[in-house]
Amino acid sequence: MTCQKIFSIVLCFFLATCCNAQTPQISKVSYVDTLFENASPLWYEVDANGTLQVYLTYDHERNSPNRAAGHVHFCVHGDAGKNLRIEFNNLNNVWNGTPGSVAKELLSVAISEDGKEWRSFPLNPTADGRVFGEFLLKSDRLFVARVEPYRLSDLDRMLNRLRGHPDVSIDLIGQTVEGRILEIIRLGNERSRDHVFLRARAHPWEAGGNWVVEGVVDRMLANDKDGARFREKLCIHVLPMANKDGVARGRTRFNSQGKDLNRNWDKPANSELAPENAALEKWIEKKIADGHPPDIALELHNDGNGKLHISRPLEGDTTNYLERMELFESLLRRHTWFSEGATKPNFRNPGSLGEGWMERFRIDAIVHEFNCNLIASTGQRPLAMHWKEYGSQLPIVFEEYFKLREH
Ligand SMILES: [Zn+2]
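Everything numeric in this text was worked out from a predicted model, so none of it was measured.

## Some points on the pattern of salt bridges
If charged atoms from side chains of opposite charge come close, those side chains can pair.
Here is step 1: Scanning the entire structure with this criterion turns up 33 salt bridges.
Here is step 2: Between Asp79 and Lys28 there is a salt bridge, with the nearest N and O atoms lying 3.0 Å from each other. Here Asp79, found in the loop between β6 (73-77) and β7 (83-89), pairs with Lys28, found in the loop between α1 (3-22) and β1 (31-33); they are 51 residues apart in sequence, far enough to count as distant.
Here is step 3: Overall, the relative accessible area of 52% leaves Lys28 in the exposed class.

Written as structure tokens, this is what we have:
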């Protein structure tokens, strides 16, 4: 062998080793598990570059062009210590009859090796309107979720914790389309003058509201001076999971008859197609008949903006209502990390619980969105702990609201 040949072999070996060191080690995908509680329905394939292409499944609204995908919850099985690029497809939602991609709101996910301890992870847009993330697999499993998951089993754990507490009652108000029991939790003093209503999880992907509720419950029942005062002064009613069927099935927006539970509140609920709303409507009508309607109602959601939706019907004088909402917003800013602000004064969303309850029952009701990607005041990407912290500060907001509202 000539010197020249030996030299080229050595050079080739050197180059190969060098290039190899710089080439990312791409994990193979042995499986994507979606057969567990609250996992999202989807299909997938691994493309020629080794990228995992995830195709979310839309759910559809009855008698409507509306469709929604955006709930993300699955578990990738791959190689520990290697990288995996995941791209998300089918983001072309239709909302209020208008096509619009959810890509602009899908800016981060929560990830976890065990499905219990979660951290936030940023996503990036692709040139053709999808989004992707590049993940390092720390173990041979990676759970990926749109927001830190809150499942029916999490709710059951909370309900079990509450049963038997002297300042709590749990009323069964009806059933979902698929027969799951709907409950309203009462926290605090039933004879209080000041009543609040909270509803979470009308839209199944939006788990943030459930974490807020957990924070409210913990603060209301804390064994300290403030907790005792809140329980004496306030009566907070909570419907913690309106769309249980959707949460169980890992759907995005609609119930099991294709109805949006944050729509059609401008008329009586259809008990066949939306029994979840019919049950709540019966409950609220009884509260009104008994002389104890809620003074303020919050409908808790997630989106990519995190605003208070101060919408109301056009008829009638709403000056006092707008003043009260201004007060409420200022107290949120004072006592919580809220800084996202309210929608424009002319904002309307007919049929939402906020506008429908205002119109039909004259109850101050607001849709409260929580930005799933960012807490504006702190720059953090939100996880369960941030939403629980927010919920833990709501009782003081309500207490001051009722005090100041009188002046
Ligand atoms: Zn929503």
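Having put the structure on the table, let's press on.
## What to know about the packing of helix α2 (residues 152-162) against helix α3 (residues 208-220)
Two measures define how a pair of helices packs: the angle their axes make with one another and the distance between the axes.
Here is step 1: With their axes 12 Å apart at the nearest point, α2 and α3 run at an angle of 10° to one another. On the basis of their axis angle, the class for α2 and α3 is roughly parallel. Note on packing geometry: the crossing formed by α2 with α3 is left-handed. Where α2 abuts α3, its residues Asp154, Met158, Arg161 and Leu162 lie against Val213, Glu214, Val217 and Asp218.
Here is step 2: Along the lines of polarity and charge, the residues of the contact of α2 with α3 split into 4 nonpolar, no polar and 4 charged.

## Some remarks on the sheet that holds strand β21 (residues 364-371)
Here is step 1: Reading across from one edge, β15-β16-β18-β17-β19-β21-β20 is the order of the 7 strands in this open sheet, with mixed pairing throughout. Edge positions in the sheet fall to β15 (168-175) and β20 (308-309), since each has one partner strand and no second.
Here is step 2: Across 7 bridges, β15 lies against strand β16 (residues 181-188) in antiparallel orientation. Bridge pairing in β16 places Leu172 opposite Glu183.
Here is step 3: Packing of helix α6 (residues 275-289) onto the sheet brings it into contact with β15, β16, β17 (194-200) and β18 (234-239), and relative to β15 it is tilted by some 130°.

## A word on the coordination of the zinc ion
Here is step 1: The zinc ion binds to the protein through His203 (ND1), Glu206 (OE), Glu206 (OE) and His301 (ND1), with metal-donor distances spanning 2.1 to 2.4 Å.
Here is step 2: Here the zinc ion binds 4 donor atoms, and the angle range of 57 to 138° at the metal identifies the geometry as irregular.
Here is step 3: When the donor residues of the zinc ion are listed from N- to C-terminus, their spacing reads H-x2-E-x94-H. Here His301 lies in strand β19 (residues 296-303) and Glu206 lies in the loop between β17 and α3, a separation of 95 residues in the sequence.
Here is step 4: Note on Glu206: relative accessible area 4%, which makes it buried.

## Considering the domain arrangement of the protein chain
Here is step 1: Segmentation of the protein chain into domains returns domain 1 (31-145) and domain 2 (152-405).
Here is step 2: A C-alpha centroid distance of 28 Å is found between domain 1 and domain 2.
Here is step 3: At the junction of the two partners, domain 1 supplies 26 residues and domain 2 supplies 26 residues.
Here is step 4: Surface buried jointly by domain 1 and domain 2 totals about 2000 Å² across both partners, of which 45% is contributed by carbon and sulfur atoms.
Here is step 5: Of all residues in domain 1, Asp59, Arg62 and Glu105 give up the largest surface area on contact with domain 2, accounting jointly for 29% of the area buried on that side.
Here is step 6: Taken together, the links from domain 1 to domain 2 amount to 1 salt bridge.
Here is step 7: For the pair domain 1 and domain 2, the number of links is 16 residue pairs in polar contact (both at pLDDT 80 or more).
Here is step 8: Put simply, the parts of the chain that give the side of domain 1 that touches domain 2 at least two residues each are β4 (59-60), β5 (67-68), β10 (108-112) and β11 (119-122).
Here is step 9: Of the residues assigned to the side of domain 1 that touches domain 2, the class counts are 10 nonpolar, 9 polar and 7 charged.

## A short note on unusual backbone geometry
Here is step 1: Residue Asn63 is not a glycine yet carries a positive backbone phi of 50°.
Here is step 2: Classification of Asn63 by relative accessible area gives exposed; the value is 79%.
Here is step 3: The backbone of Arg201 sits at a positive phi, close to 65°, despite the residue not being glycine.
Here is step 4: Residue placement: Arg201 occurs in the loop between β17 and α3.

## Here's the deal with the layout of surface pockets
Here is step 1: Of the pockets and cavities examined, the largest pocket occupies roughly 810 Å³.
Here is step 2: Around the largest pocket sit 42 residues that line it, and Trp95, Glu105, Arg253, Arg263 and Asp303 are the ones nearest its centre.
Here is step 3: For the lining of the largest pocket, the secondary-structure elements that each account for two or more residues are β5, β8 (92-95), β9 (98-101), β19 and β21.
Here is step 4: A total of 4 residues in the lining of the largest pocket trace back to one element, the largest contributor, which is β9.
Here is step 5: Its residues assigned to classes, the lining of the largest pocket shows 11 nonpolar, 18 polar and 13 charged.
Here is step 6: Two domains share the lining of the largest pocket, each providing at least three of its residues, namely domain 1 (31-145) and domain 2 (152-405).
Here is step 7: Its volume calculated, the second largest pocket comes out at about 190 Å³.
Here is step 8: In terms of lining residues, the second largest pocket is bounded by 13 residues, among which Gly115, Lys116, Trp118, Arg151 and Asp154 are the most central.

## What about the nonpolar core?
Here is step 1: Grouped together as the largest cluster of nonpolar side chains are 54 residues, with contacts concentrated most on Leu187, Ile236, Ile296, Phe328 and Phe398.
Here is step 2: With 8 residues, the top contributor of residues to this core is helix α9 (residues 384-405).
Here is step 3: What Phe398 contacts, discounting residues up to four positions off in sequence, is Val196, Leu198, Leu234, Ile236, Ile296, Leu298 and Phe328.
Here is step 4: The next biggest cluster of nonpolar side chains, apart from the first, holds 26 residues, and it includes Val29, Val32, Leu84 and Ile111.

## Let's talk about the sheet that holds β6
Here is step 1: One open sheet holds the 5 strands; their spatial order is β1-β6-β14-β10-β11, and the pairing between them is antiparallel. Two strands in the sheet have a free side with no partner beyond their single neighbour: β1 and β11. Pairs of neighbouring strands in the sheet enclose a mean axial angle of 30°, with direction left out of account.
Here is step 2: Sheet topology note: the β10/β11 ladder contains 4 bridges and is antiparallel.

Reading the values: rules and limits
- Residues numbered from 1 in each chain as written.
- Predicted model: local features only at pLDDT ≥ 70, side-chain atom pairs only at ≥ 80, totals over all residues.
- Heavy atoms only, no water.
- Salt bridge = Lys/Arg side-chain N within 4 Å of Asp/Glu carboxyl O.
- Helix = DSSP H or I, 4+ residues; strand = E, 2+ residues; numbered from the N terminus.
- Buried < 20%, exposed > 50% of the residue type's maximum accessible area, 1.4 Å probe, protein only.
- Axes fitted to C-alpha atoms, helices over the stretch in contact; angles between N-to-C directions.
- Parallel < 35°, antiparallel > 145°, perpendicular 65-115°, else oblique.
- Left-handed = near helix turned anticlockwise from the far one by under 90°.
- Contact = heavy atoms within 4.5 Å.
- Nonpolar A, V, L, I, M, F, W, Y, C, P; charged D, E, K, R; others polar.
- Pairing = 2+ DSSP bridges.
- Donors = N, O, S within 2.8 Å, 3.2 Å for Na, K, Ca; no water.
- Tetrahedral: all angles 85-135°; square planar, octahedral: opposite > 155°, others 65-115°.
- Domains from an automatic or database assignment.
- Buried area = accessible area lost by both parts, 1.4 Å probe.
- Polar contact = N/O pair within 3.5 Å; in protein donor to acceptor, adjacent residues only side chain to side chain.
- 1 Å grid on protein atoms, 1.4 Å probe; cavity = no way out; pocket = protein on both sides within 12 Å on 5 of 7 lines; lining within 4 Å.
- Points joined across faces, edges and corners; volume = space filled by probe spheres on them.
- Core = buried A, V, L, I, M, F, W, Y, C linked by side-chain atoms within 4.5 Å.

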